[in-house]
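# Architecture and fold: a report
One letter stands for each residue in the lines below.
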Amino acid sequence: MIERNHLEVLRAVEAGGSLTAAAERLHLTQSALSHSIRKLEQQLGTPLWLREGRQLQLTQAGKYLLALANRLLPQFEHAELQIDQFARGQAGTLRIGMECHPCYQWLLKVVGPYLGHWPTVDVDVKQKFQFGGIGALFGHDIDLLVTPDPLHRPGLVFEPVFDYEQVLVVHSGHRLAHNDWISAQDLEPEILITYPVAVERLDVYTHLLLPANIRPVRHKTIETTDIMLQMVAAGRGVTALPRWLVQEYQQRMSIVPVQLGETGIGKQIFLGCRERDRNVDYLSAFMKLATEVRRDDIALDAGLTN
């Protein structure tokens, strides 16, 4: 009873916000789309939308089918893409999901040589996922996940790429700039700037602040690394980032890295993929190349020494 085109209608209406926008997305007339919706609701025996002025609001049944559409349609699209690639003898697109905001500089150093070795493969990078990074892998929204916090699940494999140290970043004239290391108490009067992710995924919280039951006086979120470090360099707050990334920005900004905690915070970056895709040539080639582009390579390219 439920067909793929029904799910595509639900997704298009939700994405477009109106029948007019959905009709454009689906390359249909508005009357044809309205007819399709009425026929679907008649078949199901229940309304999927309620009108509130010019807006369409999903009913409980509509929300259920939309969730189904968001799970199944990416898998259909991925399967069609793969079949098309097989038919044309091409590898197509390697879709990489990022759960590591500051890793783009490292990723660029992998993507450049990779594209040179695989001229028939495109690379697409995604940062926002409907169901999180792990869900995006299972749902075939992405093929690889870059993450510092792998969640090991049956059907997935994670390979460590490189080690790094998470450090506090302060202005060179900051009161903490010359400390050997930073305690949780040192951060209590500070404005802490982080990426807009959940607190339980921020190392400065999970490894330092939360165990001490301490919060900074203010917590601000900024999406881009450049703006975040501009704020720190201007004395508007402090942040926590990988040491190698801070060293690169020190070339042009008045910032200083300081160890977090008496023993420091050591981390790893992992690449995760679906286990059954592990031996796909163009995917395994990317993972192999990624293990060769490590923190030291980034530091050397920036003219730094450790």
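The shown structure was predicted, so the numbers you read here are calculated from the model rather than taken from an experiment.

A few words now on unusual backbone geometry. Despite not being glycine, His27 shows a phi value in the positive range, around 60°. The exposure class assigned to His27 is exposed, which follows from its relative accessible area of 73%. For His140, which is not glycine, the phi dihedral falls at a positive 65°. With respect to the element layout, His140 can be found in the loop between α6 (132-138) and β5 (144-147). Its relative accessible area of 10% is what places His140 among the buried residues.

Two numbers describe how helix α1 (residues 4-16) lies on helix α3 (residues 30-44): the axes approach to 11 Å, and their chain directions differ by 120°. When the axes of α1 and α3 are compared, the pair comes out oblique. When you trace α1 past α3, the crossing you get is left-handed. Counting all contacts with α1, which are made through His6, Val9 and Val13, the residues of α3 involved are Leu33, Ser36, Ile37, Leu40 and Gln43. Broken down by class, the residue content of the contact of α1 with α3 amounts to five nonpolar, three polar and no charged.

It is worth spelling out the nonpolar core at this point. Grouped together as the largest cluster of nonpolar side chains are 44 residues, with contacts concentrated most on Leu94, Trp106, Ile255 and Phe286. Secondary-structure elements contributing two or more residues to this core are β3 (92-98), α5 (104-117), β5, β6 (156-171), α9 (225-233), α10 (243-249), β12 (265-274) and α11 (281-292). Setting aside residues no more than four positions away along its own chain, Ile255 makes contact with Val169, Val170, Ser172, Leu229, Val232, Ala233, Val246, Tyr249 and Gln250.

The full count for this structure, using the stated rule, is five aromatic pairs. Measuring from centroid to centroid gives 6.3 Å for Tyr114 and Trp118, while their planes differ by 20°, and the two rings are stacked. Classification of Trp118 as partly exposed rests on a relative accessible area of 25%. Ring plane angle 75° and centroid distance 5.1 Å describe the contact between Tyr114 and Phe286, whose orientation is recorded as edge-to-face. Residue Tyr114 is found in helix α5, and its partner Phe286 is found in helix α11; the two are separated by 172 residues along the sequence.

Taken as a whole and assessed by the stated rule, the structure comprises one disulfide. Each disulfide pairs two cysteine sulfurs, and for Cys100 the partner residue is Cys103, the sulfurs being separated by 2.1 Å. Across the S-S bond of Cys100 and Cys103 the torsion is about 60°, and the bridge reads as right-handed. Residue Cys100 is classed as buried on the basis of its relative accessible area of 4%.

Moving on, we get to the side chain of Thr239. Relative to the assigned elements, Thr239 resides in strand β10 (residues 238-242). A polar contact is formed between the side chain of Thr239 and the backbone oxygen of Ile193, at a distance of 2.6 Å. If we skip the residues at most four places from it in the chain, Thr239 touches Val167, Leu168, Val169, Leu192, Ile193, Thr194, Met228, Leu229 and Val232.

Attention shifts here to the side chain of Thr225. Along the chain, Thr225 falls in helix α9. Since its relative accessible area comes to 10%, Thr225 is described here as buried. With residues near it in sequence (within four places) discarded, Thr225 still touches His101, Pro102, Tyr195, Leu241, Leu245 and Tyr249.

Compared with the 20 Å implied by 1.5 Å per residue over 14 residues, the 20 Å span of α5 between its first and last C-alpha is a close match. Those residues of α5 not exposed but buried are Gln105, Trp106, Leu107, Val110, Val111 and Tyr114.

All right, on to α3 then. Given a rise of 1.5 Å per residue, 15 residues ought to cover 21 Å, and the 21 Å separating the end C-alpha atoms of α3 matches this to within 8%. What α3 keeps buried is the set Leu33, Ser34, Ile37, Leu40 and Glu41. All buried residues of α3 fall inside an arc of 125° around its axis, so they share one side. What points out from α3, more than 90 degrees from its buried face, is the exposed set Ser31 and Gln42.

Below, the discussion takes up the pairing of strand β8 (residues 191-194). Here four bridges tie β8 to strand β9 (residues 218-221), and the two strands are oriented parallel to one another. Looking at the pairing, Leu192 lines up with His219 of β9. After leaving β8, the chain enters helix α8 (residues 203-209) and then returns to the sheet as β9, a path that is right-handed. As paired elements, β8 and β10 share two bridges and run parallel to each other. Residue pairing for β10: Leu192 is matched across the bridge by Val238.

About the thresholds
- Residues numbered from 1 in each chain as written.
- Predicted model: local features only at pLDDT ≥ 70, side-chain atom pairs only at ≥ 80, totals over all residues.
- Heavy atoms only, no water.
- Buried < 20%, exposed > 50% of the residue type's maximum accessible area, 1.4 Å probe, protein only.
- Helix = DSSP H or I, 4+ residues; strand = E, 2+ residues; numbered from the N terminus.
- Axes fitted to C-alpha atoms, helices over the stretch in contact; angles between N-to-C directions.
- Parallel < 35°, antiparallel > 145°, perpendicular 65-115°, else oblique.
- Left-handed = near helix turned anticlockwise from the far one by under 90°.
- Contact = heavy atoms within 4.5 Å.
- Nonpolar A, V, L, I, M, F, W, Y, C, P; charged D, E, K, R; others polar.
- Core = buried A, V, L, I, M, F, W, Y, C linked by side-chain atoms within 4.5 Å.
- Phe/Tyr/Trp six-rings, centres within 6.5 Å; stacked < 30°, edge-to-face > 60°.
- Disulfide = S-S within 2.5 Å.
- Polar contact = N/O pair within 3.5 Å; in protein donor to acceptor, adjacent residues only side chain to side chain.
- Expected span 1.5 Å × (residues − 1).
- Arc of directions from axis to C-beta.
- Pairing = 2+ DSSP bridges.
- Right-handed = clockwise from strand over helix to strand, strands pointing away.

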